[in-house]
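Letter by letter, the chains look like this.
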Amino acid sequence: MVSRSRVTQAVGLQKQGKSLPKSGAISGGRRLAASAALSLSTGCTPKKRLRRKTSISSVQLAPCSRPVRERHWLCLASDAKYYRSEITLFDMQTGLSIKTLGHLSDDEESTEIHDGRVCALSVDWQKMIAVSGGSGGILKIWSLRSGKCMHTLIGNIAGEDVVFVSAHWTKQLMITASKTLRIWDLDSQTCKRTCIDHTGEFAYLQTHLKYTAVDWSAMRVLSSGEGNLAKLWNIETGECLCTYLHRFTIGCPLALSCDAQVALCGAWIFEKAKPELHTLKLWCLDTGDCLCTFVGHSGLVTGVAVEWSSMRALSGSEDRSMKLWDLRTGECISTMLTGSSEVWSVDVDWVASLAVSGNGNGELKLWNIEICTCLLTCDETSEGIGKVVLSRHS
């Protein structure tokens, strides 16, 4: 449900002359109604609102190409169910969901949805196309306008879960990660190349490479499993360019900038007779040296979003908070307390100063990161939100 106090707070800010952009979101779950204005811009027909009974595992936010005051922000989110996980599109202006992908009617449960859990999402908001990866190595390409699955691909023949996906529709390329990295040709929908160098060197690298980041401008991808080893790859050739062996354990999704020659990741350190130390680490791609350590979270860092041009980062954690960081100084700019449950995923539109978070209680929240205020709460599930993707201000 939409929090009335937050809406009143947002209206109060507008009366003071402060501009608050309209917004929208997508997440995994049952169909919920959306505004007619948004349906005109996305081609989506508003549906009857239903209560969801599952958690949200991931989200992504997206903007419409309209004047700022008329724009809607969308968010794509998947729930955290381990069986028949769903992906839902949300309108972040109203807090209502527009549609659940793969459902053709309110009473019909389509066979198009994932049989298992959705572990990864990638969205092109201009083309209104999404790619989801999940249990059993299944990849699905979706039309966000119709909600239908356009193609189903087998991510790997071994049935390993697809834990990361990033698609670049202009280049017609896609990167997926399971226990290996795969580079796909989206035009032919075939796997062009498999990077298998991660397995075989260290036993723990038999785990999934769920901490992966892509820099499409430099055609580089950085991958890591549940350990202290990471590898940098050339997307065009599949060559491993560098191997990094850290003194800390990488513990959350990576962020990569080849222009700045740096990477950011969540890290945790075990020492005997001492509590676990949960931090963020900024490290140099040339040398592998740690440039800065960001201390402040008391729980595992579960998500990170970075704006490299201004050197700012937003992190979410199991300590039920989000923190905004200055990557140049290592200082925490602000802290946002997210409620009674741990944060599972975050995404940011830096131009609009909007962030979206998904937590273990199934709440999808929209934030103004400049004034550290929650503008909207969508109480959609009872288990948790796993992945979120927010549309960007164009």
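None of these values were measured; they are calculated from a predicted model.

> Give a description of unusual backbone geometry that names residues and reports values.
Backbone geometry at methionine 219 places phi at a positive 55°, although glycine is not the residue there. Within the secondary structure layout, methionine 219 lies in the loop between strand S13 (211–215) and strand S14 (220–224). You can call methionine 219 buried: its relative accessible area is 9%. A positive phi angle, near 55°, is found at cysteine 372, a position not held by glycine.

> So what about the packing of aromatic side chains? Which residues, and what values?
Considering all chains together, one arrives at 2 aromatic pairs under this definition. Seen in terms of ring centroids, tyrosine 244 and tryptophan 283 are 4.9 Å apart; in terms of plane orientation they differ by 65°. Their pairing is edge-to-face. Highlighted residues: tyrosine 244 in strand S16 (residues 240–245) and tryptophan 283 in strand S20 (residues 277–284), separated in sequence by 39 residues. Across the pair, tryptophan 283 and tyrosine 244 agree in class, each one buried. Where phenylalanine 294 meets tryptophan 325, the ring centres are 5.6 Å apart and the plane angle is 70°; that geometry is what we call edge-to-face.

> Please set out the confidence of the model for the chain residue by residue, giving values where relevant.
Residues with a pLDDT of 70 or more make up 72% of the chain, whose mean pLDDT is 78. Mean pLDDT across the elements of the chain bottoms out in helix H2 (residues 36–42) (38) and peaks in strand S24 (residues 321–326) (96). Overall, residues 64–70 carries pLDDT values under 50, and its contacts beyond four positions in sequence, including any with other chains, amount to 17 contacts. Considering only residues more than four positions removed or in separate chains, one finds that residues 199–205, a stretch of pLDDT under 50, has 14 contacts.

> Give a description of the pairing of strand S15 (residues 229–234) that names residues and reports values.
S15 sits mainly inside the fold: 6 of its 6 residues count as buried. Across the two faces of S15 the burial is the same, with Leu229, Lys231 and Trp233 and Ala230, Leu232 and Asn234 all buried. As paired elements, S14 and S15 share 5 bridges and run antiparallel to each other. Note that in S15 the partner of serine 223 across the bridge is lysine 231. Bridging between S15 and S16 involves 5 bridges; their strand directions are antiparallel. In the sheet register, alanine 230 faces S16, and the bridge partner there is tyrosine 244. As consecutive antiparallel partners, S15 and S16 are separated by 5 residues, and within that stretch glycine 238 has a phi angle of approximately 80°, a positive value.

> Requested: an account of the pattern of salt bridges, with residues and values cited.
Enumeration according to the criterion identifies 2 salt bridges in this entry. Across the pair glutamate 307 and arginine 312 runs a salt bridge, and its minimum N-O distance is 2.9 Å. The salt bridge partner of glutamate 363 is lysine 365, with a shortest N-O separation of 3.7 Å. Taking relative accessible area as the criterion, lysine 365 reaches 11% and is therefore assigned buried.

> Quick rundown of the sheet that holds S15? Include the residues and the values.
As summarised here, the arrangement of the 4 strands in space is S13-S14-S15-S16, forming an open sheet in which the pairing is antiparallel. The outermost strands of the open sheet, each flanked by one partner alone, are S13 and S16. On average, each strand axis in the sheet is inclined to that of its neighbour by 15°, with strand direction left out of account.

> Give a detailed account of the environment of cysteine 292, specifying residues and quantitative values.
The topology assignment puts cysteine 292 in strand S21 (residues 290–295). C-alpha separation for the pair cysteine 292 and arginine 328, spaced 36 residues apart in sequence, amounts to 8.6 Å. Beyond its immediate sequence surroundings of up to four residues, cysteine 292 is in contact with Leu280, Lys281, Leu282 and Gly330.

> Any chance you could break down the side chain of asparagine 359 for me, citing the residues and the numbers?
Within the fold, asparagine 359 resides in strand S27 (residues 354–359). A distance of 2.9 Å separates a polar side-chain atom of asparagine 359 from the backbone nitrogen of glutamate 363.

> Describe the sheet that holds strand S10 (residues 173–177), naming the residues involved and giving the relevant values.
Strand order in this open sheet of 4 strands is S9-S10-S11-S12, and the pairing throughout is antiparallel. Strand pairing shows two members of the sheet lacking a second neighbour, strand S9 (164–168) and strand S12 (190–195), which therefore form its edges. On average, adjacent strands in this sheet sit at an angle of 20° to one another, irrespective of strand direction. In this structure, S10 lies alongside strand S11 (residues 181–185), joined through 5 bridges in antiparallel fashion. Looking across to S11, one finds that alanine 177 is bridged to leucine 181.

Parameters at a glance
Residues numbered from 1 in each chain as written. Predicted model: local features only at pLDDT ≥ 70, side-chain atom pairs only at ≥ 80, totals over all residues. Heavy atoms only, no water. Helix = DSSP H or I, 4+ residues; strand = E, 2+ residues; numbered from the N terminus. Buried < 20%, exposed > 50% of the residue type's maximum accessible area, 1.4 Å probe, protein only. Phe/Tyr/Trp six-rings, centres within 6.5 Å; stacked < 30°, edge-to-face > 60°. pLDDT = per-residue confidence, 0-100. Contact = heavy atoms within 4.5 Å. Pairing = 2+ DSSP bridges. Salt bridge = Lys/Arg side-chain N within 4 Å of Asp/Glu carboxyl O. Axes fitted to C-alpha atoms, helices over the stretch in contact; angles between N-to-C directions. Polar contact = N/O pair within 3.5 Å; in protein donor to acceptor, adjacent residues only side chain to side chain.

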